[in-house]
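Architecture and fold: a report
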Amino acid sequence: MASYIEDYALLSDMNTGALVSRAGSIDWFCAPRFDSGAVFAALLGERDSGRWLLAPLESVNPNPVEEIKIERSYRENTFVLQTVWSVGDASVRVTDFMPLAAGTSIVRNVEGLTGEVTMYNEFALRFDNGKTQPWVTRYEGAIDANGVPDPDESMLVGMAGPHALVFRGSPMPDGQPDQHAGTFTVTAGQNYVFTLSYFASNQNPPAPIDYPKALTYAEEQWSEWSSLYVDEVPEPTPTQSQPVVASEPEASTNPVPQVAPPATDVSVDAQSIEVTREVDSEVIEPSTQTISFEVDAATYEEFAQTSANPVVEEDDENAAFDAELREARLRSLLVLRALISRETGGLVASVTTSLPEVIGGKRNWDHRFAWLRDVAMAMDVTLAHGHERETAQLRNWMLRALANNPYKLHSVYGVAGEKDDLDRRLALTGYEGSQPVRSGNGSHSYFQGDALGQVLATFANLRRHGVGEDHLSWPLQQALLNSAVERIGEPDRSIWEMLGEPHVFTHSQAMLWAAFDAGVTAVTEHGMTGDAEVWAEARDRVAAEILEHGYNEELNSFVQTYDGIHVDASLLQLAHIGFVAWDDPRMLGTVERIEAELMHSSGMIYRYINRDNIDGFEGQDNPHFGASLWLAEQYLRSGRTEDGRRLLRTVLDLSNDLGLMSSEYDFDLGRMSGNFPHVIPHIALIRAVEAL
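Described in the following lines is the structure provided in the data block. Sequence order as written defines the numbering, with residues in each chain counted from 1. Totals for whole chains, interfaces and linings use all residues, but because this is a predicted model, local features are given only for residues with pLDDT of at least 70 and pairs of side-chain atoms are given and counted only at 80 or more. Note that water and hydrogens are dropped before the side-chain values are worked out from all heavy atoms of the structure.

Focus: the overall build of the protein
Put simply, DSSP H or I for four residues or longer makes a helix, DSSP E for two residues or longer makes a strand, and each gets a number counted from the N terminus. Within the protein one finds 13 helices and 25 strands. Working definition: with a 1.4 Å probe on protein chains only, accessible area under 20% of the residue-type maximum means buried, over 50% means exposed, and in between means partly exposed. Residues classed as buried in the protein amount to 61% of the 692 residues present. Sequence separation of 24 or more characterises 67% of the internal contacts of the protein that already satisfy a separation of 6 or more. By the convention used here, residues are in contact when the closest approach between their heavy atoms is within 4.5 Å.

Below, the structure is given as structure tokens:
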């Protein structure tokens, strides 16, 4: 059985990722890409689906004698994970990371700190998401003068079809048909390094990894990214574009304003900031250990307990919270970088597939893909924070994906911009039995007006920041605009990709409005060629239809679907795209309806209420991190500062000890749900903190 979702830490080499549990088990690792088959799939299966456990032997003892404490944290501004295990009076530090160099590898270093600790090292190699058990061969090192092989040069090579893995380290675990396991003792000052590398089976195994060099380079690369951290994002100056409120159309005037800059549409100067996250410490009680090396519910609840907060003055408390927010924003920026492929520039929504939005339910999706909407939102963030290289990577990926066929736009593409038309089922038991387990994403074929609009609004933001168009970018945008004219009023499945009957969603139509306005301003303000009159007419028509059918005067609220009476969280984006101002009475009325219909007692909100199975499933999903952070941003930008800070406090309290968030939170179970970590909450947190 896998650990709780919030128990995991992310490792990344900016091409793929791995999840390491608090118990020291790597339960998820796809190689060599985010969307490749899993080498370790115990997260969605069983122990024999593949994993790598490295922990003190006492921690897996069903009847432990010594008290065990765990402290973990990332090295400052990196994804280098350090876990300190205290076993009685002895302690060791395990350092886990993925080198940021050629190839795909995981490095685990065990360093003795005090006393003597016996470690347990066990791994089961698999390919094809746990389906294929490779043939493993042990190769001994060079023979010395005494005829003894050098243990430091020994390696295990697992091979199956096109895939291969090489494991190095001493002492080498003993081999069994389905796994390798062994123990070794670490004393203060000793180091034991173990590495696992993926390679194509028709190639030779990669050279051994130089641990000090690989660690230093990884830290330098992550630090380079975080050194561009912007502590304060300035408000727009009077010379910058300001939001203009959408108004009721009149026959004799142009009723629709120009699209407002996103909240991140500002010019900034890069500056660095040093941040240190407080380390949490947990105690494993002897009675909670199990023979299967899992963390049971009782132990987890023990982990979740924290010490009482000290009494502090209000000003000190606010200052401490502001510092925590800055740290959370930096970690979210790092998560964003971790999910961008350094080879292709594609941004995946998550490193996982099929972690259920409702534990035991069917809302299970493969989020190891790149959504146009997510990529566009990420471009706004990277641009605002001075990350020109990553902005260019995302932009170039976007253009390659759009070139598939802009007249038949997909909402989601593969890591390299490819189309994936298959939604497969994997032969895994699922996270806590949640079925189905998916590989591939069936939402590729859905028309989503929000994706088209977000893409064009982001290109408009790039133009405002002086990023010019080229021989590919503007023709593709023209094609998108011309195709969008034919999609006005077309039912779709909304930003939430519902599997129920399509509807005309107000948010989707508002994003078409943003698309047309971006086209008009490209011509009128930036000198691009195009049929601005046609796009202006389309923009005005969409605005009129939204105000007629997507706004309910009796409720003083925009509504989820045309001529409907209910709301959903996507309506919180209307002010962000400039369709209305943040403090427009209609927007404030919409917020009131969202609070009345969607708010959980915690202050977080659901994406929507699943009335009449509108999303194609029975029952309700859980409150959504990203949507709740959109509400926090709305509060902050419309003057409800204390409400915004309170909601940010709630979200930060529910993120894990490393600052990572999944897509949703199950308050009944008191734990995260959905794929992890998820990019949308982290982008939304960046925006919300900037609103302060």
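Don't stop here, the text continues.
Let's talk about the pairing of strand β1 (residues 8–12)
Burial runs high along β1: five of the five residues are buried. Going residue by residue along β1, you find Tyr8, Leu10 and Ser12 tucked away on one face and Ala9 and Leu11 tucked away on the opposite face as well. When DSSP finds two or more bridges between a pair of strands, those strands are recorded as paired. The sheet contact formed by β1 and strand β2 (residues 17–21) spans five bridges and is antiparallel. Paired with tyrosine 8 across the bridge in β2 is serine 21. The hairpin turn running from β1 into β2, its antiparallel successor, is four residues long, and methionine 14 in that turn takes a positive phi close to 65°.

Concerning the packing of helix α5 (residues 388–402) against helix α7 (residues 473–485)
Two numbers describe how α5 lies on α7: the axes approach to 10 Å, and their chain directions differ by 50°. One way to sum up the angle between α5 and α7 is to call them oblique. Considering the relative orientation of α5 and α7, their crossing is left-handed. Of the residues in α7, those in contact with Arg395, Leu399 and Leu402 of α5 are Ser473, Leu476 and Leu480. As a rule, the C-alpha atoms of each element are fitted with a line to give its axis, helices using only the stretch in contact, and angles between N-to-C directions run from 0 to 180 degrees. Here the word oblique covers every angle except those under 35 degrees (roughly parallel), over 145 (roughly antiparallel) and from 65 to 115 (roughly perpendicular). When the near helix sits turned anticlockwise from the far one by under a right angle, the crossing is termed left-handed; a clockwise turn instead gives a right-handed crossing.

What to know about the packing of aromatic side chains
The aromatic pairing rule takes the rings of Phe, Tyr and Trp, using the six-membered ring of Trp, and pairs them if the centres are within 6.5 Å, calling planes under 30 degrees apart stacked, those over 60 edge-to-face and the rest tilted. Applying the stated criterion to the full structure yields 19 aromatic pairs. Here tryptophan 365 and phenylalanine 617 contribute two aromatic rings whose centre-to-centre distance is 5.8 Å and whose plane-to-plane angle is 75°, an arrangement assigned as edge-to-face. Of this pair, tryptophan 365 sits in the loop between α3 (314–338) and β18 (370–371) while phenylalanine 617 sits in the loop between α10 (585–598) and α11 (625–637), and the two are 252 residues apart along the sequence. Judged by relative accessible area, which is 18%, tryptophan 365 ranks as buried. Classification of phenylalanine 617 as buried rests on a relative accessible area of 14%. In this arrangement the basic side chain of arginine 108 is found over the ring face of tryptophan 52, its NZ or CZ atom lying 5.1 Å from the centre. Working rule: Lys NZ or Arg CZ, within 6 Å of ring centre, within 35 degrees of ring normal, means a charge sits over the ring.

Side note on the environment of leucine 54
As for its position among the elements, leucine 54 is in strand β5 (residues 51–56). Taking the relative accessible area as the measure of exposure, leucine 54 reaches 1% and is therefore buried. A sequence separation of 31 residues divides leucine 54 from alanine 23, and the C-alpha atoms of the two residues are 8.4 Å apart. With sequence-adjacent residues up to four places away left out, leucine 54 is seen in contact with Gly24, Val94, Arg108, Val110, Met119, Tyr120, Asn121 and Phe184.

Here's the deal with the pattern of salt bridges
Between Lys or Arg on one side and Asp or Glu on the other, a salt bridge is scored when a side-chain nitrogen of the former is within 4 Å of a carboxyl oxygen of the latter. Applying the stated criterion across every chain, the model contains 41 salt bridges. Its salt-bridge partner being arginine 649, residue glutamate 324 comes within 2.8 Å of it at the nearest N-O pair. Here the residue glutamate 324 occupies a position in helix α3, and arginine 649 occupies one in helix α12 (residues 641–654), the gap between them amounting to 325 residues. Here glutamate 324 falls in the partly exposed class, since its relative accessible area comes to 25%. Taken together, the shared-partner salt bridges in this structure form one network comprising Asp7, Arg22, Arg72 and Asp657.

Remarks on unusual backbone geometry
Here the residue pair alanine 31 and proline 32 is connected by a cis peptide bond, since its omega of 5° sits within 30 degrees of zero. Along the polypeptide, proline 32 turns up in the loop between β3 (25–30) and β4 (38–40). Of note, the bond from glutamine 435 into proline 436 is cis; its omega dihedral lies within 30 degrees of zero at 5°. Along the polypeptide, proline 436 turns up in the loop between β20 (424–425) and β21 (438–439). Positive phi, normally seen in glycine, also occurs at aspartate 128, with a value near 55°. Assignment of secondary structure puts aspartate 128 in the loop between β10 (116–124) and β11 (135–139). By relative accessible area, aspartate 128 is classed as partly exposed at 32%.

Structural notes on the nonpolar core
Only buried residues count toward a nonpolar core. Its members are Ala, Val, Leu, Ile, Met, Phe, Trp, Tyr and Cys residues joined through side-chain atoms within 4.5 Å. One finds Trp52, Val110, Met398 and Phe516 to be the most contacted residues of the largest nonpolar core, which totals 197 residues. Of the residues forming this core, the biggest block, eleven residues, is contributed by helix α8 (residues 506–526). Judged by nonpolar contacts, the second largest core, of five residues, contains Met155, Val157, Ala164 and Phe199.

What about helix α4 (residues 372–384)?
To estimate the expected span of a helix, count its residues, drop one, and scale the result by 1.5 Å. Taking 1.5 Å of rise per residue, 13 residues should cover 18 Å, and α4 covers 19 Å from first to last C-alpha, within 8% of that figure. Burial analysis of α4 places 13 of its 13 residues in the buried class, which makes it a mostly covered element. One or two residues past the end of α4 sits glycine 386, with phi positive at roughly 80°.

A closer look at the side chain of serine 350
The residue serine 350 is located in the loop between α3 and β18 in this model. Overall, serine 350 belongs to the buried group, its relative accessible area being 0%. Among the polar contacts listed, one links the side chain of serine 350 to the backbone nitrogen of phenylalanine 676, at a separation of 3.3 Å. One polar contact links the side chain of serine 350 to the main-chain carbonyl oxygen of proline 677, over a distance of 3.0 Å. Not counting the four nearest positions on each side in its chain, serine 350 is found in contact with His367, Arg368, Asn675, Phe676, Pro677 and His678. Identification of polar contacts relies on pairs of N or O atoms within 3.5 Å, with a donor-acceptor requirement for protein atoms, meaning one able to donate a hydrogen and the other able to accept it, and with residues adjacent in sequence counted only if both atoms are side-chain atoms.

As for the pairing of strand β9 (residues 104–114)
Most of β9 is tucked away: eight of the eleven residues are buried. Examined bridge by bridge, strand β8 (residues 90–97) and β9 share seven bridges and lie antiparallel to one another. Within the sheet, the bridge partner assigned to arginine 93 lies in β9 and is glutamate 111. Pairing of β9 with strand β16 (residues 191–200), which is carried by eight bridges, proceeds in the antiparallel orientation. Among the inter-strand pairings, isoleucine 106 is bridged to a residue of β16, identified as leucine 196.

Some thoughts on α8
Between its first and last C-alpha, α8 extends 29 Å over 21 residues, near the 30 Å set by a 1.5 Å rise per residue. Judged by how many residues are buried, α8 sits mostly within the fold: 18 of 21 residues are covered. One or two steps after α8, the chain reaches glycine 527, where phi turns positive at roughly 75°.

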